[in-house]
Structures are given as structure tokens and as C-alpha cells.
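Descriptive analysis of the structure
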Amino acid sequence: MKKSFLLFLFTIAFSLTSFAQQTIVKGSVLDGTTGEPIPDVTITIEETLQTTKTDARGEFSFTVNVPLGEQVLKIEKVGYVTKRYPIVVNEGQTVDISGMTLDFDSSDKKDLFVISISDANLNSEDDGLTDNISGLLQASRDVFLSAAAFDFSATFFRPRGLDNANGKVLINGIEMNKQFNGRPQWGNWGGLNDVQRNQEFSMGISANDYNFGDLAGTNNIVMRASKYRKGGRASYASANRSYTGRIMASYSSGLLKGGWSYSVLGSRRYGEQGFIDGTLYDANSFFIAVEKQLNDKHSLNFTGIYASNRRGRSTAITEEVFNLKGREYNPFWGDLNGEQRNSRMREINEPILMLNHYWDVSSKVKLNTNIAYQFGKIGNTRIDNGGTRRVTFNGEDTYIGGARNTDPTYYQNLPSYFLNVGGAPEASDYQLAYLAEQEFINNGQFNWENIYRANINSTARGHNAIYALQEDRIDDKQLSANILLDAELADNIKLNGGLNFRNLKSENYALIKDLFGANGYLDVDFFAEEIDPSQNISNLAQSDIRNPNRIAGEGERYKYNYEIDANVVSAFAQAQFKYSKVDFYAAANMSQTSYQRNGLYQNGYFEDNSFGKSEKVDFSNVGIKAGATYKITGKHLIDFNAVYMTKAPSIRNTFENARQNNELINDLNSEVITSVDASYIFRSPIVKARLTGFYSTFEDGTDIGFYYTEGSSGAFTQEVLTNVNRRHIGGEFGIEAQVTPTIKLKGAASVGQYIFTNNPNMYLSGDDFEEDLTYGDGKTYLENYHVAGGPERAYQIGFEYRDPDYWNVGVTSNFFSNAYVDVNNLKRSGRFNTNLDLITEDRYREGGNISGYGFSDYDEAIARDLLRQEQFDDYMLVNIIGGKSWRVDDYFIGFFATINNVFNQQYRTGGFEQARRVDYRSQLTEQTNENGPVFGNRYFYGNGTTYYLNVYVRF
């Protein structure tokens, strides 16, 4: 009995001694202005990268594997100025640093950045302004990624050569990437800057608590009412980039009695035009989040987003057009009754409703259930100049009408057309070229009056419309749901998992938006031609045989009408382990994707393969990734990540031409992606740096393009590429040094090479061919050509000065090089050495394989020069940012501003080769003509000097 009692006392004493000797770092974080606790502040012990977050009382603690000696605590939260606190940790002692403060970041560049990236992506319907990945990076505090997000984005720079379909954007844990093309539609939450400050970003393929992720990273925007700091903000912004003015107001309640909290925002952005002429901007955005804490374990949050946007679009222009009209020129607009009107308007209106349930099953296990419903429309207008009338000759129908291309930059309107007539130009050619030049310089805008006049005259003669304003519409209804698990299995082991489901029903159709004074439009294909004598033109020309010769009015569907049903089911699991010398993770993902088209029109060209449901196509995909961080010492770390994954093609790259038929792309497969990266990281109280090398491969990719090419008599085709392989290799470097308490120096660099590594399969399809058309060996020779998409090399050097009196200024110089034009695939195929003059039109229309019709004067050395990929000139951009804030009683008043491209540098952000003339002789003529090509490369030009000024009041 006595021994048992002594053993009991010894056990208690040992336990108390162990507890007393435990090494602990704890503290709390308060708002530097209000003194209120700040929840969800990220606390990192920099030497170990151990991380935790403050609770609702602003408190935190580290109790496991706490490093000894001199350490640095990094305190950060989006919307606040990051701080670092040096501490000394002794074994068996508690370091208590309660009362640390964070100051609101009155010059937060994210406000600038979210606007510019959202606006750029609004304009991105396959017109060359796509793929801006920088929006993913706005939550990152990494030195290099901050440079990529804030300074490199103007050039459409892609970190690691990746586009935004390679990254994931989530809102409250729900994936927002579109199933049509895999990209986030930033306009769906544009104009909500004040409520987008709470973001959680995982760089690259590193571990993420909400999603398996992708190569370009995962960004979860937390739009939960209880996560917003109490107070309001009103601001006015003026700019000359996308819009000229923005008004925004927001208010968040904080936690109220009864467990309620709410946050609301409203904003308006407007402008007759941005830096590019004729780019109207008209946007209104509203947001509401309401949360109820049901009890200590359960909380329910509702989020509603309504962000409508109308935007006038612009396009790429040739060097000839640029020399005549400048980089601000936009051919899509013209004056109508004294007002600018753009023929290419993009409208987005897709509200989002979201319900989130948060369940703290225990102190170690959390379960998050989310459901979201998104609906609405995306519309893009264009001029339809194929209006006709039906006439009957000898008992057979035919269609008469159509009109010339209305584009002011149409090649027959430009001087080069008259100087490229075959042979040396004559005096009359120079005269015509001069007249065309003067006409274009003085009247080179879209002519609305001619369109109205033509339609009104046609109506007066009892005929149909010649012109119509066509809107290509996508009406989506998507239901998303998931369950996310976050469990601490031990103090150093964490398990994440999730089940995700997405169902999309997408209606796609053309709509008549405006008839320009006419009464109706005959819904037939003016360009319809019989491929063989057995075909009947009256059937062939019909958009819908079931409703022949329909006269469509304003607001009615015509041309094409179909639905896409898509389902994605996925699951992922991830384990994270943290130890004193190494942290590592491993994750796996499985998904099932299915698409099916349902044609609502029976197209005349595809009577047997356009109406009704298509074959249902399914893709099963897997992903495995792992990574580790090895802590050499407190300041030196090595980080490594690797992934293998397969990825289903998007809806866009699944069907050959969904507007006309149910045909699937041949040899359709999931893309296979492998990637590794390794980083050396240095962190001290003064210097932060990261050096990373990366290597990624993409195999079995698919791509489809739509364009007009000159064949035997010309054809609108779908160009399909399969078995596309790419390799992305390079390095990144970022460094910043807090050389004084007020001065920070920073630098960044990216050097990469992004090339095709094989010769993909290629074929053409379309209503002009009886069978898919291939040339030569059916390949396009892209191996070792560069993948277009911004500069492969980017460098930055800059500084920031932050004065204790709450004003700041920063300057960066950014140098870019090794950017390439997007090459034309058809020009690198057997088509380049095929002389179609030797091929009969009937043979061409048959399709199948065409080979053996080469040019007798073909020269390999000359051909190599003609096929060389154009590299853009190097350039440098200087940007300045600054701001100031004041406190007046309980109000904070301030401003911040930025000037981009201070020295008005002229540069190209991208471009592509035209597909109109792609054979050897045509290219020889095009590229050697001293008067310039008729179908030269088209380029996107960067903005000149632009500014953004924001004035705000916070309370």
C-alpha cells in the first residue's frame, strides 16, 4: 500500500515537472487602431515554418517541437501590414508575447490588382487576352509571386509558362473554374475588392486544405461574414486603364449578440472607354454575407454575389494598321448619333448563391459542408452580314444576299491589298493604295450608318435583313456541393479530405440582338454549297431542318442551339506531417468527368448527327503528389514538390464543332501532367529569398481552333490537334531586404523555356469536307517551337519606403524578353508544301488525306526562314506606387495611387500568325513583299502610361 502511494506521488510529481518544463510560445494579436482581437492571423516561426492561426480571441500558441534560441515570429493577415517579432526561446520556459498589434494596410496593392486582373479577363473570349494567371497570386506574400502579380501582369507574363486553367480559384471552398474552358471567370466576382481580402493561397502544387490543386496554385477566397473585421469603407477610384471611375462602399458588423454577423458591399464601375478606344465599361456589383453561429460547434453562412458587367471589346491588329492608327486603335466601334457604339460587346451576368455549414466536431476535427448554385448568362455580340432572301428558279430554291465584311481592317480596305497584286505595282495601284490609306486614317472606324441604311432599304423593297447583331449566348446553371474534412490526428499530423460534385447544364445559342431597322432575318447559311450533286441546297442551308426558312426576329434564337450536360465527381485525401527537421505531405485525387451534347436544331449539313443527344463521353482521372521541407538550419530550408496527374479535356476541347453537330474529337484522351520543383529558401529578420527550379511535362493534350483559310475555294474550318506534348523548364528567384526600418529593397527574376516536344496529330473538319481533311503524314511540325504566352524571361529590381507617419512610395523597374508569336499550326503541316492549284475542287471537298501535290520550286533553306517563329523585342517598364493615410477621430482617410509604364514604353504583349495564306508560295510572297504582307501577324499592344488613384474613408 505504501509503495503504491509513493508511486502515485512520484507519477504526479513527474507529470507536474514535465508540464512545468514544457517549452511554449504563446501570445495574442490586436488591431493597432481599435485594440480589438484579430482572428485568423497567421503566425509563423520563420526558422521552422511552423504555422498556426489566432482564434476568435486573437490568441495563439506553439507547444510541439518549439525551436530554441533566437527566433522570429512572422505575423500576417491579408489587409494588414506584415510584422516580424524577434524572440528568444529557452528550454522549459514559456514565451508570452500577448498584445502584439497589426496595422491596417492602407496601401494594399491587392485593391489595384484585383481590379486590373478581373477586367483583363473579362475581355478574354479566345481573343488573345486569355490566360492571365496573375489573379491567382493576389493572396501570396512570396517575394517573386508578388512581383509576378503586381508588376509582371501587364505583359501577360505566366509564371512557369502556365495559364490560369492550371490553377484553382475557390470561394468558401467551392471551385469556381469554368467547365467550358477550365479557367476562372473573374468577372463573376469583379468589383468586390473590399470583401476579397481574406484569401488563402497555396503556391504551385504544395499542400492545400481545400482541394487537390493544380500546377499554378490554389487560391481560396474566404467570403464568410464572421471573418470580416467590424467597420465600413467607402472609396472612389479614377483610372484610365479599363474604366474611368469606380464607387464602392462596404460594411461588416463583426460578431453581434445572438451569434449573428453580416457583411454587405455595393460598387459601380463605369467609363466610355479605357486606354483602348471604344471600350465601354458598365458594371454593377453587390455582395451580402450573413452568418449565424448556432452554438459552439455549428455555424451557418449564406453568401450572395451579383456582379454584372458590360464591356466593349478590342482586338489584335497588324503592324500595318498599327502604323496607320496607333496602339489605342480599336476597329470594333464607330459613332452613331454622336455616341460611341461597339459592335463587339461582352456581357456577364451570373449570380452566385452559396450556403456553408461549419461544424467543429471536436477541438481536433472540423467538417465543412458547402453548396452553391450559379446561373445566368455570358453574351458576346458580333455583326452577322449573311442576311439573304429566298428565290425560286426552275422549281428550286436558292438564296440571294449577303454583304461585304464590315470590319474596317478587312484586308481589302488597306493599302497593302492594292500593292500586292502579283508582280510590280503600277501607278494606278499606288494611287488606289494612297486613297485607301487616307480613307482608313480619316474614317477607319465602324460605319453604323451604312448598316442601318442597307437594312432599311432592303425592308423597303420587301426583303429581309442583310445585317443583324448576333449575340453568342451561354446560359449556364451549375450546382456545386462538397464536404471538406480537416482533422488533427496528432499534434504534428493533419488529415484533409474532400468529396466534390458539380453538375452543369449549359444552353448555347445565337440570338438576334438588333435587326437595325429590318423586320426579320432569314435563318439560312448564305455560304452553303453542295459538296456533291445529290445534295439539296434548300436543305443544306438550313440551321434547323425541322423549321425551314424561319424568319427570326429580335430576341429570337437562330443559327445554332444546343445544350451541354456535364458532371464532375471527385475526391481527394491529404496527410501533412510536421517534425523538428522536416515537414512533408502526400495527397491523392480521383475524379470522374462526363460530357454530353443535346442538339436542339437539326443542321442541314449534319442531318444525321446534329439533333438529339450525342454519345456520352467519360474520363476517369487520378492524381498523386507529395512534398517535403527540410530545415537545414533555422534560416536555411530546402523545399521539394512532385506531382503526377491526369486531367480531362475541357468541354471546348471535346467536341469538334458543338454549334453544328455531335461529333467528338478523334483520339480524345485525358492530358498527362508531371511536374517537380525544388527551392532553396533563406529567411532572416532582414532578408527573405527563394530560389526555385522547376520541370513540367504535358502529354496527350488537345486543342481546337476555328478560322477561315484559303483552300480550293476557301473554307471555314475547325483545326484539331491531338497528342500535343509540351515541356516547361526554368527557374525563379525572389529576394527582399529590410535594410532599414523604413526602406525595403527587392528583386525578382524568372528564366524559362516553354516548348513543344513533339509533332502533334492534326486534321481539319468542317461542313466543306465530306471527311476529315489531313495533309501529308497528318502531323503539324511544332517540335522545339515556343509555346506563346507572354515573356519567358522577366526581371525586377525595386524599393519601397514606408514612413512612420503613414505614407509610402515604391518604384520598380521590370525588364522582359523572349516573348514569341503564337505560330499557325496549319502552316507547319503538309499543307505548307501542298499546291492546291493542282487539286480539283471536288477532290478538295472529298476530304481525306491530301499529299503528293508539292511545289516544283520548293527550297528547304527558304522554307526554314519562312517558318521561323517571330520573337518580340525586349522592353522595360517602370512602375510607381504610393499612398498616405490620416486618422481623424474614429475615421481613417487616405489615398493610394499607381502609375504604370511611367516612360510610355511601346511593346507587344502577344500576337498570332494569320491562317489565311499558309502555303510556301503564298508565304514567300507575303514575307518578301517590299510593301508589306496582306495577311501579316496580328499583335496585342500593351498600354502606354496609365494611372490608378483611389481615395477612401474607413470607419
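For clarity, every value in this text was computed on a predicted model and none was experimentally measured.

**With respect to the overall build of the protein chain**
Regarding its fold elements, the protein chain presents 11 helices and 47 strands. Against the globule reference of 30 Å for 955 residues, the protein chain gives a C-alpha radius of gyration of 31 Å, in line with a compact fold. Referenced to the eigenvectors of the C-alpha coordinate spread, the extents of the protein chain come out at roughly 120 × 60 × 60 Å. Out of the 955 residues in the protein chain, the part that is buried amounts to 57%. Residue pairs in contact within the protein chain that sit at least 24 positions apart in sequence constitute 71% of those at least 6 positions apart. A total accessible area of about 39,400 Å² is found for the protein chain, and carbon and sulfur atoms account for 53% of it. Each charge sign in the protein chain was given a centre, from 93 positive and 116 negative side chains, and these centres are 9 Å apart.

**Observations concerning the environment of Asn-172**
For Asn-172, the location among the structural elements is in the loop between strand E8 (168-171) and strand E9 (174-175). Taking C-alpha positions, Asn-172 is 34 Å from Val-95, a pair spaced 77 residues apart along the chain. Among all residues touching Asn-172, those that are not within four sequence positions of it are Asn-220, Ile-221, Val-222, Met-223, Arg-224, Asn-301, Thr-303, Met-354, Asn-356, Tyr-358, Asn-368 and Asn-370.

**Brief notes about helix H7 (residues 448-460)**
Between its first and last C-alpha, H7 extends 19 Å over 13 residues, near the 18 Å set by a 1.5 Å rise per residue. Buried residues of H7: Trp-448, Ile-451, Asn-455 and Ser-458, and no others. Projected onto a plane normal to the axis of H7, the buried residues spread over an arc of 105° and lie on a single side. The opening residue of H7 is Asn-447, an N-cap whose side-chain oxygen sits 3.2 Å from the backbone nitrogen of Glu-449. Looking one or two residues beyond H7, the residue adopting positive phi is Gly-462, at roughly 85°.

**A short note on the packing of aromatic side chains**
This structure, assessed with the given rule, holds 40 aromatic pairs. Relative to Phe-895, the ring of Trp-886 lies with its centre 6.3 Å away and its plane at 35°, an arrangement referred to as tilted. According to the relative accessible area criterion, Phe-895 is partly exposed, its value standing at 31%. Among the aromatic residues, those joined into a cluster by ring pairs are Phe-144, Phe-152, Phe-157, Phe-816, Tyr-875 and Tyr-907.

**Some points on the nonpolar core**
Of all hydrophobic cores here, the largest spans 28 residues; its most connected members are Leu-764, Leu-773, Tyr-775, Leu-826 and Tyr-844. For this core, the secondary structure elements donating two or more residues are strand E35 (687-709), strand E36 (715-738), strand E37 (743-756), strand E38 (761-765), strand E39 (773-775) and helix H10 (860-866). In terms of nonpolar packing, the next biggest core, distinct from the first, is built from 26 residues, Ala-552, Ala-566, Leu-664 and Ile-665 among them.

**Some points on the side chain of Arg-502**
Mapped onto the elements of the fold, Arg-502 is located in strand E26 (residues 493-514). Residue Arg-502 is classed as buried on the basis of its relative accessible area, which comes to 12%. Within the local environment of Arg-502, its side chain forms a polar contact with the side chain of Glu-175, the two groups lying 3.5 Å apart.

**Focus: the pattern of salt bridges**
Side chains that differ in charge, positive against negative, can pair when their charged atoms come close. Applying the stated rule across the entire model yields 53 salt bridges. Notably, a salt bridge pairs Lys-53 with Glu-200, separated by 2.9 Å at the nearest N-O pair. Separated by 147 residues along the polypeptide, Lys-53 in strand E3 (residues 50-53) and Glu-200 in strand E10 (residues 199-202) bring together distant segments of the chain. Since its relative accessible area comes to 37%, Lys-53 is described here as partly exposed.

**Examining helix H6 (residues 427-443)**
For H6, spanning 17 residues, the distance from its first C-alpha to its last is 24 Å, which sits close to the expected 24 Å at 1.5 Å a residue. Among all positions of H6, only Asp-429, Ala-433, Ala-436 and Phe-440 are buried. The buried residues of H6 occupy one face: seen down the axis, they fall within an arc of 65°. Exposed and facing more than 90 degrees away from the buried side of H6 are Ala-427, Gln-431 and Asn-442. On the buried face of H6, the contacting elements are helix H4 (319-325) and helix H5 (415-418).

**Considering the sheet that holds strand E17 (residues 317-318)**
Either a parallel or an antiparallel arrangement is found when strands of a sheet pair, and the pairing is made through backbone hydrogen bonds. With respect to topology, 3 strands assemble into an open sheet ordered E17-E46-E45, the strand pairing being antiparallel. The sheet terminates laterally at E17 and strand E45 (908-912), the two strands that pair on one side only. Alignment of E45 against strand E46 (residues 938-941), held across 4 bridges, turns out to be antiparallel. Paired with Phe-912 across the two strands is Arg-938, which belongs to E46.

**Notes on the environment of Ser-285**
Its place among the elements puts Ser-285 in strand E15 (residues 281-293). Residue classification places Ser-285 among the buried positions, given a relative accessible area of 0%. Taking the C-alpha atoms as reference points, Ser-285 and Tyr-785, 500 residues apart in sequence, are found 42 Å from one another. Those residues in contact with Ser-285, other than ones at most four positions away along the chain, are Gly-190, Gly-191, Leu-192, Leu-265, Gly-266, Ser-267, Arg-269, Tyr-306 and Ala-307. Polar contacts involving the side chain of Ser-285 include one to the main-chain carbonyl oxygen of Gly-190, which spans 2.6 Å. Of note is the side chain of Ser-285, whose polar atom sits 3.5 Å from the side chain of Arg-269.

**Regarding the pairing of E46**
Of the two faces of E46, the one carrying Arg-938 and Phe-940 and the one carrying Tyr-939 and Tyr-941 are both buried. Of the pairings in the sheet, the one linking E17 to E46 comprises 2 bridges and is antiparallel in character. Note on E46: the bridge partner recorded for Thr-318 is Arg-938.

**Description of the sheet that holds E9**
Read from one edge of the open sheet, 4 strands run E9-E8-E11-E10, paired in mixed fashion. Only two strands of the sheet have a single neighbouring strand rather than two, namely E9 and E10. Where E8 and strand E11 (residues 218-221) come together, 4 bridges link them in parallel fashion. What sits directly across from Lys-168, in E11, is Thr-218.

**Re a positive patch on the surface**
A cluster of basic side chains, namely Lys-477, Lys-505, Lys-613 and Lys-616, defines a positive patch on the protein surface. Within the secondary structure layout, Lys-616 lies in the loop between strand E31 (612-613) and strand E32 (617-631).

**Description of unusual backbone geometry**
Positive phi, normally seen in glycine, also occurs at Asp-40, with a value near 60°. Among the secondary structure elements, Asp-40 is positioned in the loop between strand E1 (24-31) and strand E2 (42-45).

**Considerations on the confidence of the model for the protein chain**
On average, residues of the protein chain score 90 in pLDDT, and 92% of them are at 70 or above. The spread of mean pLDDT over the elements of the protein chain runs between helix H1 (residues 2-20), the lowest at 44, and strand E21 (residues 352-360), the highest at 98. Below a pLDDT of 50 lies the segment residues 5-20, which in the model reaches 1 contact outside its immediate sequence neighbourhood of four places, other chains included. In this model, residues 123-131 is a region of pLDDT below 50 whose contacts with residues beyond four sequence positions or in other chains number 27 contacts.

**Points about the side chain of Gln-478**
Positionally, Gln-478 belongs in strand E25 (residues 468-490). Within the structure, Gln-478 has its side chain in polar contact with the side chain of Gln-179 (distance 3.0 Å). Polar side-chain contacts of Gln-478 include one of 3.5 Å to the side chain of Ser-480. In this structure Gln-478 touches Gln-179, Ala-372, Tyr-373, Gln-374, Arg-502, Asn-503 and Leu-504, once residues within four positions along its chain are discounted.

The rules we used
Residues numbered from 1 in each chain as written. Predicted model: local features only at pLDDT ≥ 70, side-chain atom pairs only at ≥ 80, totals over all residues. Heavy atoms only, no water. Helix = DSSP H or I, 4+ residues; strand = E, 2+ residues; numbered from the N terminus. Rg over C-alpha atoms; globule rule 2.2 N^0.38 Å. Buried < 20%, exposed > 50% of the residue type's maximum accessible area, 1.4 Å probe, protein only. Contact = heavy atoms within 4.5 Å. Areas by Shrake-Rupley, 256 points an atom, 1.4 Å probe, with all protein chains shown as cover. Lys, Arg positive; Asp, Glu negative; His and termini not counted. Charge placed at Lys NZ, Arg CZ, Asp CG, Glu CD. Expected span 1.5 Å × (residues − 1). Arc of directions from axis to C-beta. Polar contact = N/O pair within 3.5 Å; in protein donor to acceptor, adjacent residues only side chain to side chain. Phe/Tyr/Trp six-rings, centres within 6.5 Å; stacked < 30°, edge-to-face > 60°. Core = buried A, V, L, I, M, F, W, Y, C linked by side-chain atoms within 4.5 Å. Salt bridge = Lys/Arg side-chain N within 4 Å of Asp/Glu carboxyl O. Pairing = 2+ DSSP bridges. Patch = residues over 30% accessible without salt bridge, like charges linked within 9 Å, V, L, I, M, F, W, Y side chains within 5 Å. pLDDT = per-residue confidence, 0-100.

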